[in-house]
Amino acid sequence: MKSYDVIVKNADIVTASERYLGDIGISNGKVAVIAATLDASQAKQVIDAHGRMVTPGGVDAHCHLDQPSTDGSAGADDFISGTRSAACGGTTTVIPFAMQFKGQSLHDAVADYHQRAEGKACIDYAFHLIITDASAAVIAELPQMVKQGYTSFKIYMTYEALKLSDHHILNVLDAARQLGAISMIHAENDDCISWLTERLKSEGKISPRYHAVAHSQIGEREATHRAISLAELVDVPILLVHVSSRAAVEQIYWSRGQGINIFSETCPQYLFLTAEDLGIDDSFHGAKCICSPPPRDTDSQQAVWNALANGTFSIFSSDHCPFNYDDPQGKKLHGEDASFDLVPNGIAGLETRLPLLMSEGVLKNRISAQRFVDLTATAPAKLYGLYPQKGTLMPGSDADLVIWDTDCHKTIHNDQLHSAADYTPYEGKEVHAWPAITLSRGDIVWRDNQFTGQRGNGQFLHCALPFPSKG
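Everything quoted here is computed from the prediction, not taken from an experiment.

### With respect to the overall build of the chain
Then, in step 1: Of regular secondary structure, the chain possesses 12 helices and 21 strands.
Then, in step 2: The C-alpha radius of gyration computed for the chain amounts to 21 Å, which stays within 12% of the reference 23 Å derived for 471 residues, consistent with globular compactness.
Then, in step 3: Taken along the three principal axes of its C-alpha coordinates, the chain extends 75 × 50 × 45 Å.
Then, in step 4: Expressed as a percentage of the 471 residues in the chain, the buried residues total 60%.
Then, in step 5: The long-range share in the chain, meaning contacts at least 24 apart out of those at least 6 apart in sequence, stands at 77%.

### With respect to the nonpolar core
Then, in step 1: Ranked by size, the top nonpolar core spans 103 residues in total, and within it F153 and L240 carry the most contacts.
Then, in step 2: Look past the residues within four positions of F153 in its chain and what remains in contact with it is L129, I131, L142, V146, V172, A176, L179, A181, I182, S183 and M184.
Then, in step 3: Counting residues in hydrophobic clusters, the runner-up holds 22 residues, among them F97, M99, I182 and L239.

### Section: the sheet that holds strand β6 (residues 58-60)
Then, in step 1: Overall, parallel pairing links the three strands, which are arranged β6-β7-β9 in an open sheet. On the outer flanks of this sheet lie β6 and β9 (124-125), each paired with one strand and no other.
Then, in step 2: In this structure, β6 lies alongside strand β7 (residues 91-94), joined through three bridges in parallel fashion. Residue pairing across strands places D60 opposite V94, the latter belonging to β7.

### A closer look at the pattern of salt bridges
It is possible for side chains bearing opposite charge to pair when their charged atoms get close.
Then, in step 1: Counted by the stated rule, this structure contains 26 salt bridges.
Then, in step 2: A salt bridge links D12 to R19, with the shortest nitrogen-to-oxygen separation between them at 2.7 Å.
Then, in step 3: What makes D12 buried here is its relative accessible area of 11%.
Then, in step 4: Put simply, E160 and K163 hold a salt bridge, and the shortest N to O gap is 3.3 Å.
Then, in step 5: Among the charged side chains, a salt-bridge network with shared partners connects K30, D124, K390, D398, D400 and R441.

### A short note on the packing of aromatic side chains
Then, in step 1: In total, this model carries 15 aromatic pairs according to the counting rule given.
Then, in step 2: By the ring-pair criterion, three or more aromatic residues cluster together here, those being F79, Y113, Y125, F127, Y150 and F460.
Then, in step 3: The ring of Y387 carries the charged tip of K382 above its face, separated from the ring centre by 4.9 Å.

### Considering the layout of surface pockets
Then, in step 1: In this structure, the largest pocket encloses a volume near 1,100 Å³.
Then, in step 2: Lining the largest pocket are 43 residues, and of these D71, Y159, L162, P344 and N345 lie nearest its centre.
Then, in step 3: Among the elements that line the lining of the largest pocket, the one with the most residues is helix α5 (residues 190-202), at four residues.
Then, in step 4: Considering only residue class, the lining of the largest pocket consists of 17 nonpolar, 17 polar and nine charged.
Then, in step 5: For the second largest pocket, the calculated volume is near 280 Å³.
Then, in step 6: Lining the second largest pocket we find 18 residues, and of these R52, D405, P435, A436 and D448 sit closest to its centre.

### A word on the side chain of S73
Then, in step 1: As for its position among the elements, S73 is in the loop between β6 and α1 (79-88).
Then, in step 2: Relative accessible area serves as the criterion here: at 11%, S73 is assigned to the buried category.
Then, in step 3: A distance of 2.6 Å separates a polar atom in the side chain of S73 from a polar atom in the side chain of D71.
Then, in step 4: In this structure S73 touches F323, Q329, L333 and P344, once residues within four positions along its chain are discounted.

### A short note on helix α10 (residues 298-310)
Then, in step 1: Taking 1.5 Å per residue as the helical rise, α10 with its 13 residues ought to reach 18 Å, and the 18 Å between its terminal C-alpha atoms agrees with that figure.
Then, in step 2: Turning to α10, its buried residues are S300, Q301, A303, V304, W305, A307 and L308.
Then, in step 3: Among the residues trailing α10, G311 stands out with phi positive, at a value near 95°.

### Let's talk about the UniProt feature "domain: Amidohydrolase-related" (unreviewed entry) in the chain
Then, in step 1: The feature "domain: Amidohydrolase-related" (unreviewed entry), as given by UniProt, occupies residues 53-445 in the numbering adopted here.
Then, in step 2: What you have in residues 53-445 is 35% helix and 15% strand, and the ends, taken at the C-alpha atoms, are 18 Å apart.

### Describing the environment of D12
Then, in step 1: Here D12 shows up in strand β1 (residues 4-14).
Then, in step 2: Other than its neighbours up to four places away in sequence, D12 contacts R19, Y20, L21, G51, R52, M53 and V54.
Then, in step 3: Looking at D12, its side chain comes within polar contact range of the side chain of R19, at 2.7 Å.

### Examining the pairing of β1
Then, in step 1: Among the 11 residues that make up β1, nine are buried, leaving the element largely enclosed by the rest of the structure.
Then, in step 2: Pairing of β1 with strand β4 (residues 43-48) involves five bridges; the strand directions are parallel. Residue pairing in the sheet places V8 in a bridge with I47 of β4.
Then, in step 3: Here β1 folds back onto strand β2 (residues 19-27), and the loop between the two strands holds four residues.
Then, in step 4: As defined by bridge partners, β1 adjoins strand β5 (residues 53-56) across two bridges and the pair is classed as parallel. Within the sheet, the bridge partner assigned to D12 lies in β5 and is M53.

### What about empty space enclosed by the protein?
Then, in step 1: On inspection of all chains with the given rule, the structure shows three cavities of 30 Å³ or more.
Then, in step 2: Considering only enclosed or pocket space, the largest cavity measures out at about 70 Å³ in volume.
Then, in step 3: Along the walls of the largest cavity sit S85, H320, A348, G349, L350, E351, T352, N414, L417, S419, Y423 and T424, which together make up its complete lining.
Then, in step 4: Grouping the constituent residues of the lining of the largest cavity by class yields four nonpolar, seven polar and one charged.

### Looking at the sheet that holds strand β15 (residues 315-316)
Then, in step 1: Within the open sheet, the seven strands sit side by side as β8-β10-β11-β12-β13-β14-β15. Their pairing is parallel. With partners counted over all chains shown, the strands left at the sheet margins are β8 (97-99) and β15, one partner each.

Conventions adopted
What you see as residue numbers is a count from 1 along each chain, following the sequence as written. Given that this is a predicted model, residues contribute local features only at a pLDDT of at least 70 and side-chain atom pairs are listed and counted only at 80 or more, while totals for whole chains, interfaces and linings are drawn from all residues. The basis for every side-chain value is the complete set of non-hydrogen atoms in the structure, without hydrogens or water. For helices the rule is a DSSP run of H or I covering at least 4 residues; for strands it is a run of E covering at least 2, with both sets numbered from the N terminus onward. Both definitions apply: the radius of gyration is a C-alpha atom measure, and the globule rule equals 2.2 Å times residues to the power 0.38. Buried means the residue's accessible area, taken with a 1.4 Å probe over protein chains only, is under 20% of the maximum for its type, while exposed means over 50%, and partly exposed covers the values in between. Should any heavy atoms of two residues lie within 4.5 Å, those residues are counted as being in contact. By nonpolar core we mean a set of buried residues, namely Ala, Val, Leu, Ile, Met, Phe, Trp, Tyr and Cys, connected to one another through side-chain atoms within 4.5 Å. The pairing criterion is simple: DSSP has to find at least two bridges between the two strands. Any Lys or Arg side-chain nitrogen located within 4 Å of an Asp or Glu carboxyl oxygen qualifies as a salt bridge. The aromatic pairing rule takes the rings of Phe, Tyr and Trp, using the six-membered ring of Trp, and pairs them if the centres are within 6.5 Å, calling planes under 30 degrees apart stacked, those over 60 edge-to-face and the rest tilted. We count a charge as sitting over a ring when the NZ of a lysine or the CZ of an arginine lies within 6 Å of the ring centre and within 35 degrees of the ring normal. Whether a set of points on the 1 Å grid over the protein atoms alone is a cavity depends on a 1.4 Å probe fitting there but being unable to get out, while an open set qualifies as a pocket with protein on both sides within 12 Å along at least five of seven lines; lining residues are those with an atom within 4 Å of a point. Grid points are joined across faces, edges and corners, and a volume is the space filled by probe spheres set on the points. Gly is placed with the polar residues, together with every amino acid not listed as nonpolar (Ala, Val, Leu, Ile, Met, Phe, Trp, Tyr, Cys and Pro) or charged (Asp, Glu, Lys and Arg). Polar contacts, as counted here, are pairs of nitrogen or oxygen atoms within 3.5 Å of one another; within protein the pair requires one atom able to donate a hydrogen and one able to accept it, and residues that are adjacent in sequence qualify only if both atoms are side-chain atoms. What a helix is expected to span follows from its residue count: subtract one and scale by 1.5 Å. UniProt positions are given in the numbering used here, feature names are shortened, and annotations may be inferred rather than shown by experiment.

What follows is the structure, encoded as structure tokens:
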């Protein structure tokens, strides 16, 4: 008689394409079988889902954990606290960034990041590469990086320490095309930002609320169009990250109509925050919501919701990058009188990403449960070369799954979350969905509002190439 380590009974199973009732048998950390019914006596452990939705564990393909900086700032979360927080919110795979400093080799950047993660991660993880120096020597490293499982490259069009020229962006895109890799682009016009920042500061407008003015929708629209044009020139797919505005969404929608192969991502802050959260006065408190691009207006919020529902957006990630508020290495790096452009950019979101979208998206019929799974698990797993090991529920896949409580009445409070950040931008937000149980490779890592995982249990994942090479 077949035996299983775990059987999940009476599951309302949701994948990116299907929804049906069944039982899930788990052996050796893998989904062994999905059937209409399984004999509970065949399992060492039985979990009764009681007809609740069961989805694949979330894949958060855009988060920053223990990422080094050039300005003396320090993020709140390392690989222990960040992956713990992810598991408690239903995410079982994270893909943070190994950042290359200018003049540094990619090999050294990756080696440093492995040291930061080794023995700490509570769930499985892969790495993106951040390329800030696209010299010929660095481009020559990319084939070896890809062979080692680093198949996605992030490039910036803004930030002085990070940005690449259009010429260097083209070199990276050309290398990605030859290899079959994916390039992720932070699309904001740096000159627009610096020009507006100079004007605002000359007028004494330095409080956090002016961050949203300096990082205008127009600058995002222009850079989005330019990134699409560069990708069209090279004939290579790209992914536009953390899209925030109606203006940028319209550029992506237009490009799709032209047959240009553009993928795009948005994040919770563009659904649940607005520019007003950066302040309606000149107090420093709005620094808590400084991120780039910033939250926009309610019109852009609706445009983002529409784009989630109609398929314009490919994936939904957190862009988790928290800095503590009351910390001289965090939001107050330069004090409470600092100009908005000196405040570290980023907010927390790993733990709240899935509950917010399940509660406000699925339960309010803005998106289907299948679309939820695609945005938060299946599509990112496919795009970054982790599917079908991750991002779905099928025999042979890792037994990463979430059993949902969709009848809860929960108010988000930071003291109940598991990040090391000292605040959440979603403080006081009510949700009606939260993971009841999270399993990572068949092990329960979250149950009864308790984290039950272990540091070091997370495994590093080598990503496959998402596209055929054209070299």
